[in-house]
Amino acid sequence: AQRVTQPEKLLSVFKGAPVELKCNYSYSGSPELFWYVQYSRQRLQLLLRHISRESIKGFTADLNKGETSFHLKKPFAQEEDSAMYYCALSEWGNQGGKLIFGQGTELSVKP
Amino acid sequence: SAVISQKPSRDICQRGTSLTIQCQVDSQVTMMFWYRQQPGQSLTLIATANQGSEATYESGFVIDKFPISRPNLTFSTLTVSNMSPEDSSIYLCSDGGRSSYNSPLHFGNGTRLTVT
């Protein structure tokens, strides 16, 4: 069955430290992977998607099909990065817009 | 960027009543999606709303409990029927992406529902 696993419920780091939010997935086909972010009192918004290979707000994520992982990384965390982060998987095909979300990781960046 | 307006933003309802949530997208999209986020939980897809056909429900969700309308390509409603306290959640809508990948990219602000 399709599944997205984010093993850490809470990740706390100091400002300037590197950050890695883990995401593993289980999917038999060819998935599209996303990271969504939700800042306090704001709506859920797309951070990045694997297909575009972008770096957004200093964050990057590489799809590793061998390890079925899509970890989110940033070399130097900022206080404004504190938020809830969700890894999500989307199927291709006719219902390709459906998203399967991980449980989310709360990132807390301390000064 | 795309804008999705969702209302109401929050409501407190009595057990046994129904609430209809509206979602308006600023441009035409093929698919719209409804998610539920229970307290302390992640988002779970309820159903896919397609214009001109019945919604497609995920396992564990049924039309009688969560009827959905999709009268045109920019609007959808989700009704939470015969509510119980277990329905207390945040309900979100999203669009089917506007790119060729056909994946949702934008979410409404959510409706925080409390059932007493």
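Everything numeric here is computed off the predicted structure, so don't read it as measured data.

Thresholds, definitions, all that
- Residues numbered from 1 in each chain as written.
- Chains lettered and ligands numbered in written order.
- Predicted model: local features only at pLDDT ≥ 70, side-chain atom pairs only at ≥ 80, totals over all residues.
- Heavy atoms only, no water.
- Salt bridge = Lys/Arg side-chain N within 4 Å of Asp/Glu carboxyl O.
- Helix = DSSP H or I, 4+ residues; strand = E, 2+ residues; numbered from the N terminus.
- Buried < 20%, exposed > 50% of the residue type's maximum accessible area, 1.4 Å probe, protein only.
- Disulfide = S-S within 2.5 Å.
- Pairing = 2+ DSSP bridges.
- Axes fitted to C-alpha atoms, helices over the stretch in contact; angles between N-to-C directions.
- Phe/Tyr/Trp six-rings, centres within 6.5 Å; stacked < 30°, edge-to-face > 60°.

In total, this model carries five salt bridges over all chains according to the counting rule given. Linking R49 of chain A and E32 of chain A is a salt bridge whose minimum nitrogen-to-oxygen distance equals 2.5 Å. Here the residue R49 of chain A occupies a position in strand β6 (residues 45–49), and E32 of chain A occupies one in strand β5 (residues 32–38), the gap between them amounting to 17 residues. E32 of chain A carries the same exposure label as R49 of chain A, and that label is buried. For D87 of chain B, the salt bridge goes to K65 of chain B, with nearest N and O atoms at 2.6 Å. One end of the pair, D87 of chain B, is in the loop between β8 (75–80) and β9 (89–95); the other, K65 of chain B, is in the loop between β6 (56–57) and β7 (68–72), with 22 residues separating them in the sequence. The pair D87 of chain B / K65 of chain B is uniform in exposure class, with both members buried. Look at the salt bridges and you will find they share partners, linking E20, K22 and K73 of chain A into a network.

All names here are of chain B. Applying the stated criterion across every chain yields a total of two disulfides over all chains. Between the sulfur of C23 and that of C93 lies a disulfide, 1.9 Å long from S to S. For the disulfide bridge between C23 and C93, the dihedral angle about the S-S bond is near 70 degrees, and by the sign convention the bridge is right-handed. In this pair, C23 sits in strand β3 (residues 19–25) while C93 sits in strand β9, placing the two residues 70 residues apart along the sequence. Under the relative-accessibility criterion, C23 is labelled buried at 0%.

With that settled, consider the sheet that holds strand β1 (residues 4–7) of chain B. All names here are of chain B. Taking strand neighbours across the sheet as the criterion, the four strands line up as β1-β3-β8-β7 in an open arrangement whose pairing is antiparallel. With partners counted over all chains shown, the strands left at the sheet margins are β1 and β7, one partner each. Ignoring which end each strand starts from, the neighbouring axes of this sheet average 15 degrees apart. Sheet topology places β3 next to β8; six bridges connect them, and they run antiparallel. By the bridge assignment, L19 is partnered in β8 with V80.

To continue, consider the pairing of β5 of chain A. Residue and element names in this part refer to chain A. Of all seven residues in β5, six are buried, a share of seventy percent or more. Two strands pair when backbone bridges link them, and β5 and strand β9 (residues 83–90) are joined in this way by seven bridges, in the antiparallel orientation. From the neighbouring strand, F34 faces β9, where its bridge partner is A88. With four bridges joining them, β5 and β6 adopt antiparallel strand pairing. Directly across from Y36, in β6, lies its bridge partner L46. From the end of β5 to the start of β6, which pair antiparallel, there are six residues, and R41 there has a positive phi angle of about 65 degrees.

Next up on the list: the packing of aromatic side chains. One pass over the structure, following the stated rule, counts ten aromatic pairs over all chains. Geometrically, the ring pair formed by Y36 of chain A and F101 of chain A is tilted, given 5.8 Å between the ring centres and 50 degrees between the ring planes. Taken as a pair, Y36 of chain A in strand β5 and F101 of chain A in strand β10 (residues 99–101) lie far apart in primary sequence, 65 residues in all. F101 of chain A sits in the buried class, given a relative accessible area of 7%. Cluster of aromatic residues (ring-pair linked, three or more members): F34, Y36, Y86 and F101 of chain A together with Y35 and F107 of chain B.

On to the sheet that holds strand β7 (residues 60–61) of chain A. The strands that make up a sheet are held in pairs by hydrogen bonds between backbone atoms, and each pair lies either parallel or antiparallel. Residues and elements named next belong to chain A. Taken in spatial order, the three strands of this open sheet run β3-β8-β7, and their pairing is antiparallel. Strands with a single pairing partner mark the edges of an open sheet, and in this sheet they are β3 (19–21) and β7. Across two bridges, the pairing between β7 and strand β8 (residues 72–74) is antiparallel. Paired with T60 across the two strands is K73, which belongs to β8.

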